[in-house]
Amino acid sequence: MTGDVLATRDPAAAATGQVPVLRLHDVRKVFAGHAALDGVGLEVAEGEVVVVVGPSGSGKSTLVRCVHQLEHIDAGAMYLDGELLGHERHRGGLRPLSPRGAAAQRRRIGMVFQQFHLFPHFTALRNVTEAPVRVHGRRPADAEAEALELLDRVGLRDRAHHYPRQLSGGQQQRVAIARALATRPRVLLFDEPTSALDPELVDEVLAVVRGLAGDGLTMVVVTHEMAFAREVADRCVFMDAGRVVETGPPEEFFGRPRSERLQAFLSRHTASGRSDS
Amino acid sequence: MFRGIPPLVQLIFWFNLAYLLPRISIGIPFGPALVSWDANEVITPFTAAVIGLSLVESAYMAEIIRAGVLGVDLGQHEAARAMGFTPVQTFFRIVLPQAMRTIIPPSGSQFISVLKGTALVSVIAMSDLLHAVQVIYNRTYQIVPLLLVACIWYLVLVTLLTAGQRRLEQRFARGHERHVVPGRVALGEEAAR
């Protein structure tokens, strides 16, 4: 671990006076000798929508999973609102957070999974209210009123009392988005939210994400939908082999890619027709 | 180990524990004993039956519950953790209720097999249903009619247990119905208005 991370406050933020919502510094993650993340740095400002694209195995899913502490990082540091994620100060050094401490930090980050992962034994409404009530201690009546509003926002108020199994994939993913929003996260992470969906269901989910971007929510979206990336992103990030290869505003990123690898990646995706969806 | 030895052998073993350990005491290890009993008094047929049957059953039940918990999709753990649930909350609110669906059917069979297993304790002179019947027919010599009475009682009890199991299964099948329950949908539409 490098010297500047021996503090639970973000040293870079302290120096510049500006605190990004999320900052990753030289994050490394190794799976069985293979570097899934090989020194990734990333900053996400308040209200910014960062879209991460890249070939399979480039580490983009691992990236959001590490931010959410579903995977432990092997080196580097991550800060949420300037606060170190995953470690706490202990006798002059740092030690990994207890499961309870990690849970407390996760409450400030929302996550939408590729496979939705709704709780099948709860109705759509209960899926949305469970965390606010059990984790954040909100009053059930308040949480329910808010949950119905969120379900309305994703266009599923009339499905509130359905169980996940009675909903289509697109509807399930929209409930999952409402569920993630219910905890009022500082940043919302999307791990390929449309990859498990039939093509005709992709648009309804993307429309919801587009709406959230319009509302000024801070988001990190990992996706294969190039047209969507170009449309909603404030900034695009291209990852390959565990590294950030290129980053920039969407017009430049898609219009005038600088690196050869991004050029090759984009031409492949346009050729296969995926970016048309 | 408790799954590897026939329950009948275990029952007889526990019943005859006094040969191995004449006195049973609770105390501080290598220190003074706080309470002490004569093993012959403590190990009545009843305690031997309880110890023997419960050790065998708990070994099977542990495996059933483990299989049920392992059967819950890893994504459910992750989703719960992602929402800030602590490990304990994740287990009791999310994982266990889903595991119950797969835990209940084999548990029902186990329950029934314990009930039938109680017939074994008649060998250690415990007055279970079979033993009571034996006592009566040894006096009256009406062997077959009384054995039939025992059979009917076992069947009645097993039927009751099975009905109970079905109700439990329905309770934990929430969200797994194949078809939309009409009442629920009506409720949903009402709430939406």
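Here the structure is shown first, and the text comes after it.
Definitions and cut-offs
Residues numbered from 1 in each chain as written. Chains lettered and ligands numbered in written order. Predicted model: local features only at pLDDT ≥ 70, side-chain atom pairs only at ≥ 80, totals over all residues. Heavy atoms only, no water. Pairing = 2+ DSSP bridges. Helix = DSSP H or I, 4+ residues; strand = E, 2+ residues; numbered from the N terminus. Contact = heavy atoms within 4.5 Å. Buried < 20%, exposed > 50% of the residue type's maximum accessible area, 1.4 Å probe, protein only. Axes fitted to C-alpha atoms, helices over the stretch in contact; angles between N-to-C directions. Buried area = accessible area lost by both parts, 1.4 Å probe. Salt bridge = Lys/Arg side-chain N within 4 Å of Asp/Glu carboxyl O. Polar contact = N/O pair within 3.5 Å; in protein donor to acceptor, adjacent residues only side chain to side chain. Nonpolar A, V, L, I, M, F, W, Y, C, P; charged D, E, K, R; others polar. Parallel < 35°, antiparallel > 145°, perpendicular 65-115°, else oblique. Left-handed = near helix turned anticlockwise from the far one by under 90°. Phe/Tyr/Trp six-rings, centres within 6.5 Å; stacked < 30°, edge-to-face > 60°. Lys NZ or Arg CZ within 6 Å of the ring centre and 35° of its normal. Patch = residues over 30% accessible without salt bridge, like charges linked within 9 Å, V, L, I, M, F, W, Y side chains within 5 Å. Areas by Shrake-Rupley, 256 points an atom, 1.4 Å probe, with all protein chains shown as cover.

Novice: It is not clear to me how the sheet that holds strand β2 (residues 34-44) of chain A should be interpreted in this structure. Could you clarify?
Specialist: Ordered in space as β2-β1-β4-β5 (chain A), the four strands form an open sheet in which the pairing is antiparallel. Both outer strands of the open sheet, β2 and β5 (83-84) of chain A, are each paired with one neighbouring strand and no more.

Novice: Which parts of the structure should I look at to understand the side chain of B:E57?
Specialist: Checked against the element boundaries, B:E57 lands in helix α4 (residues 45-70). Those residues in contact with B:E57 that lie beyond four places of it in its chain are B:Q110, B:S113 and B:V114.

Novice: Help me understand helix α4 (residues 124-134) of chain A in this model?
Specialist: For α4(A), the tally of buried residues reaches eight of eleven residues, placing the bulk of the element in the interior. Buried residues along α4(A) sit in contact with α5 (140-153) and α6 (169-181) of chain A together with α6 (87-117) of chain B.

Novice: Is there a simple way to think about the sheet that holds strand β11 (residues 235-240) of chain A in this case?
Specialist: Each strand in a sheet pairs with another by means of backbone hydrogen bonds, the pair being arranged parallel or else antiparallel. Residue and element names in this part refer to chain A. On the basis of which strands lie adjacent, the open sheet formed by six strands has the order β8-β9-β10-β3-β11-β12 and mixed pairing. Only two strands of the sheet have a single partner each, and these edge strands are β8 (109-112) and β12 (243-248). For this sheet the average axis-to-axis angle between neighbouring strands, irrespective of direction, equals 20°. Relative to β11, strand β3 (residues 49-53) runs parallel, the two being bridged by four bridges. The partner of V52 across the bridge, within β11, is V237. Sheet strands in contact with helix α2 (residues 60-67) are β3, β8, β9 (187-191), β10 (219-222) and β11, and its direction is about 145° off that of β9.

Novice: For this particular structure, what's the right way to read the interface of chain A and chain B?
Specialist: You'll often see interface size given as the accessible area lost when the parts meet. In this complex, chain A contributes 32 residues to the contact, which on the side of chain B involves 31 residues. Interface area, chain A with chain B, both sides summed: about 2,900 Å², of which 59% is carbon and sulfur. Connecting chain A to chain B are one salt bridge. The shortest N-O distance in the salt bridge between B:E78 and A:R65 comes to 2.6 Å. Linking chain A with chain B are six residue pairs in polar contact (both at pLDDT 80 or more). For the side of chain A that touches chain B, the secondary structure elements donating two or more residues are α3 (99-106), β8 and α4 of chain A. By residue number, the principal contributor to the side of chain A that touches chain B is α4(A), which donates five residues. Its residues placed into classes, the side of chain A that touches chain B shows 13 nonpolar, eight polar and eleven charged.

Novice: Explain the packing of α4(A) against α6(A) here, please?
Specialist: Two packed helices can be described by the angle between their axes and the distance between those axes. Residues and elements named next belong to chain A. Contact geometry for α4 and α6: axes closest at 8 Å, N-to-C directions at 25°. Judged by the angle between their axes, α4 and α6 are roughly parallel. In this structure, α4 crosses over α6, and the sense of that crossing is right-handed. Along its contact with α4, which presents A124, N127 and V128, the element α6 presents V175, A178 and R179. In terms of residue class, the contact of α4 with α6 is built from four nonpolar, one polar and one charged.

Novice: What should I look at first to understand the pairing of β12(A) in this one?
Specialist: The two faces of the sheet receive side chains in turn, since in a regular strand these alternate between them. Residue and element names in this part refer to chain A. Two strands pair when backbone bridges link them, and β11 and β12 are joined in this way by five bridges, in the antiparallel orientation. For D240, the partnering residue across the bridge sits in β12 and is R243. Two successive antiparallel strands, β11 and β12, enclose a turn made up of two residues, where A241 displays a positive phi of approximately 50°.

Novice: Would you mind showing me how to read the packing of helix α1 (residues 7-15) of chain B against α4(B) here?
Specialist: All names here are of chain B. Where α1 contacts α4, the axes come no closer than 8 Å and their chain directions differ by 140°. Accordingly, the angle class assigned to the pair α1 and α4 is oblique. Our pair here, α1 against α4, has a crossing hand that is right-handed. On the side of α1, the interface is formed by P7, Q10, L11, W14 and F15, while α4 contributes P45, A48, A49, I51, G52, L53, L55 and V56. Partitioning the contact of α1 with α4 into residue classes produces eleven nonpolar, two polar and no charged.

Novice: I tried to follow the pairing of β10(A) on my own but got confused; where do I start?
Specialist: Residue and element names in this part refer to chain A. Burial of β10 is two-sided: the residues M219 and V221 facing one way and the residues V220 and V222 facing the other way are all buried. Two strands pair when backbone bridges link them, and β3 and β10 are joined in this way by four bridges, in the parallel orientation. Counted as the bridge partner of V50 is V220 from β10. Here four bridges tie β9 to β10, and the two strands are oriented parallel to one another.

Novice: Teacher, can you tell me more about the packing of aromatic side chains here?
Specialist: Geometry of an aromatic ring pair is reported as the spacing of the ring centres plus the angle between the planes. Residues and elements named next belong to chain A. Under the criterion given, the structure shown has five aromatic pairs over all chains. Between F119 and F122, the ring centres sit 6.1 Å apart and the planes meet at 90°, which makes this aromatic pair edge-to-face. No difference in accessibility class separates F119 from F122, as the two residues are buried. Sitting over the face of the ring of F122, R126 holds its NZ or CZ atom 4.1 Å from the ring centroid.

Novice: Looking at this model, I keep getting lost on the environment of B:W37. Mind explaining?
Specialist: Residue and element names in this part refer to chain B. Looking at where W37 falls in the secondary structure, it is placed in strand β2 (residues 33-38). When the C-alpha positions of W37 and S25 are compared, they lie 6.1 Å apart, and in sequence the two are twelve residues distant. Aside from chain neighbours lying at most four places away, what touches W37 is P22, R23, I24, I26 and V42.

Novice: Quick question: what am I supposed to make of a nonpolar patch on the surface here?
Specialist: A cluster of nonpolar side chains, namely B:V149, B:I152, B:W153, B:V156, B:L157 and B:L160, defines an oily patch on the protein surface of about 550 Å² accessible area. Turning to its location among the elements, B:L160 is positioned in helix α8 (residues 143-172).

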